[in-house]
Amino acid sequence: MGGDVGPCVTVLAALQALASNPGLHLLLIGDPAALHPLLAKVDSALLSRLEIVPAESVIASDARPSQAIRASRSTSMRIALELIKTGRAQACVSAGNTGALMELAKLLLKPLEGIDRPALVTVLPHQQQGKTVVLDLGANVEYDSAQLVQFAVMGSVMAEEVLSLHNPRVALLNICEEETKGLAAIRDAAAQLKNTPSINYIGCLEGNELLTGKTDVMVCDGFVGNVTLKTIEGVVRMFLSLIKLSSTDVGRKAKFGHLNPDQYNGACLLGLRGTVIKSHGTANQRAFAVAIEQAMQAVQRQLPDRIAARLKTVLPKSD
């Protein structure tokens, strides 16, 4: 029920994902009166792999997380997360309120042992024809060096499992490459990562290196990560629109089509004992279907289990 448009996008995206993945089953959580009309003319074969789970209300996009949690009973977001907790679902995909999703997921699914707060992570293309894991993208605007190290561990596991990279390179996003400069938390995290043998830490990189392929994992705090991601998306969309207006060369358009942000929609909330994917609220049908695909991939790769196993070897046990 979330996002700027709601079921008009999410339901059609769900049907698209079902058509592309014969083994997929989906639960649509929301107001049946809003959902049923969108399914009236759908093929029975697809409907057999889709179920509506009624929800009485929706968490507002502008609700404060604390307020949203107190009033979350019977909301579509909470019910979706509870379905994971009880084992009825393996993943949740939401375009709703990010802060509420983060806090409710922490409350219901719990962070993995050794993780203070989950991080939003996505995969972006770079100019070497590969991809870079980037985190955090907005789940944590307040952070410390220990959390940056945790992000590095989780990002490294994701690069291994999703991108099939051996010994992925990990960097900290900073105002310069010198580790003696920048915020104290970044300097302290750099010192800790240097002494973590299981992480292939390569140092600090500046923002202009994010899409060059110099690193496989870029670690930053949620405030910087969110601003960086949205700036990149805005620039890429402008770039693609200029190409579309100025070029009739189909091959040229196709060459840059892989940069379309819609192809990378869906940030995984890593560090939980379950799989939660946050879609952009502005996502269109194509982009939301990509977020569903991301959820499938995370489940197939068993990311929470993989991260939990790595944490046991890297991070000190909590008291």
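Sequence order as written defines the numbering, with residues in each chain counted from 1. Reporting in this predicted model follows two pLDDT cut-offs: at least 70 for local features of residues, and 80 or more for side-chain atom pairs to be given and counted; totals over whole chains, interfaces and linings ignore these cut-offs and use all residues. For the side-chain quantities, the full set of heavy atoms in the structure was used; hydrogens and water were omitted.

S.K.: For this particular structure, what's the right way to read the overall build of the chain?
M.R.: Each helix is a run of H or I in the DSSP string that is no shorter than four residues. Each strand is a run of E no shorter than two, and both are numbered from the N terminus. Tallying secondary structure elements over the chain gives twelve helices and ten strands in all. Only the C-alpha atoms count toward the radius of gyration. The rule for a globule is 2.2 Å times the residue count to the power 0.38. Taking 2.2 N^0.38 as the reference for a compact globule, 319 residues should give roughly 20 Å; the C-alpha atoms of the chain span a radius of gyration of 20 Å, in line with that estimate. The dimensions of the chain, computed from C-alpha atoms along their principal axes, are 60 × 60 × 35 Å. The proportion of buried residues among the 319 residues of the chain is 51%. Contacts: residue pairs with any heavy atoms within 4.5 Å of one another. Relative to all contacts within the chain whose residues are 6 or more apart in sequence, the contacts with residues 24 or more apart total 69%. Calculation of accessible area relied on Shrake-Rupley with a 1.4 Å probe; when residues are assessed, cover is drawn exclusively from the protein chains displayed. On the chain, roughly 15400 Å² of surface is accessible, and the fraction owed to carbon and sulfur atoms is 52%. Counting rule for charge: Lys and Arg are taken as positive, Asp and Glu as negative, and neither His nor the chain ends is counted. By convention, charge coordinates are those of NZ in Lys, CZ in Arg, CG in Asp, or CD in Glu. On the chain, the mean spot of the 31 positive side-chain charges and the mean spot of the 29 negative ones are 3 Å from each other. Relative accessible area decides the class of each residue, using a 1.4 Å probe on protein chains only: under 20% of the type maximum gives buried, over 50% gives exposed, and in between gives partly exposed.

S.K.: Explain helix 8 (residues 184-194) here, please?
M.R.: Helical geometry: 3.6 residues make up each α-helical turn, so side chains three or four residues apart lie on a common side. All buried positions along helix 8 are accounted for by Ala185, Ile186, Ala189, Ala190 and Leu193. Here the buried residues of helix 8 occupy an arc of 135 degrees about the axis, which is enough to place them on one side. Taken together, the buried residues of helix 8 touch helix 7 (145-162), strand 6 (169-173) and strand 7 (200-205). Regarding the arc, it is the one traced by the directions from the helix axis to the C-beta atoms.

S.K.: Looking at this structure, I do not really get the environment of Gly99. What am I missing?
M.R.: With respect to the secondary-structure elements, Gly99 resides in helix 6 (residues 98-109). On the accessibility criterion, Gly99 (24% relative accessible area) is partly exposed. Residues Gly99 and Ala68, spaced 31 residues apart in sequence, show a C-alpha to C-alpha distance of 9.0 Å.

S.K.: What exactly am I supposed to notice about the side chain of Glu209 here?
M.R.: Relative to the assigned elements, Glu209 resides in the loop between strand 7 and strand 8 (217-219). When sequence neighbours within four positions are dropped, the list of residues in contact with Glu209 reads Glu177 and Lys214.

S.K.: Please explain the sheet that holds strand 7 as it appears in this structure.
M.R.: Strands pair in a sheet through their backbones, by hydrogen bonds, and they do so in one of two ways: parallel or antiparallel. Read from one edge to the other, the open sheet built from eight strands follows the order 3-10-9-4-5-8-6-7, with strand pairing classed as mixed. The strands lining the two open edges of the sheet, one partner per strand, are strand 3 (91-94) and strand 7. Each strand axis lies, on average, 25 degrees off the axis of its neighbour in the sheet, ignoring direction. For two strands to be treated as a pair, DSSP must find no fewer than two bridges joining them. The pairing of strand 9 (residues 267-270) with strand 10 (residues 275-278) spans two bridges and is antiparallel. Bridging across to strand 10, Ala267 finds its partner in Lys278. Helix axes are fitted only over the stretch in contact, all axes being lines through C-alpha atoms; the angle between N-to-C directions runs from 0 to 180 degrees. Packing against the sheet, helix 6 makes contact with strand 3, strand 4 (119-125), strand 9 and strand 10, and its axis sits at approximately 175 degrees to strand 10.

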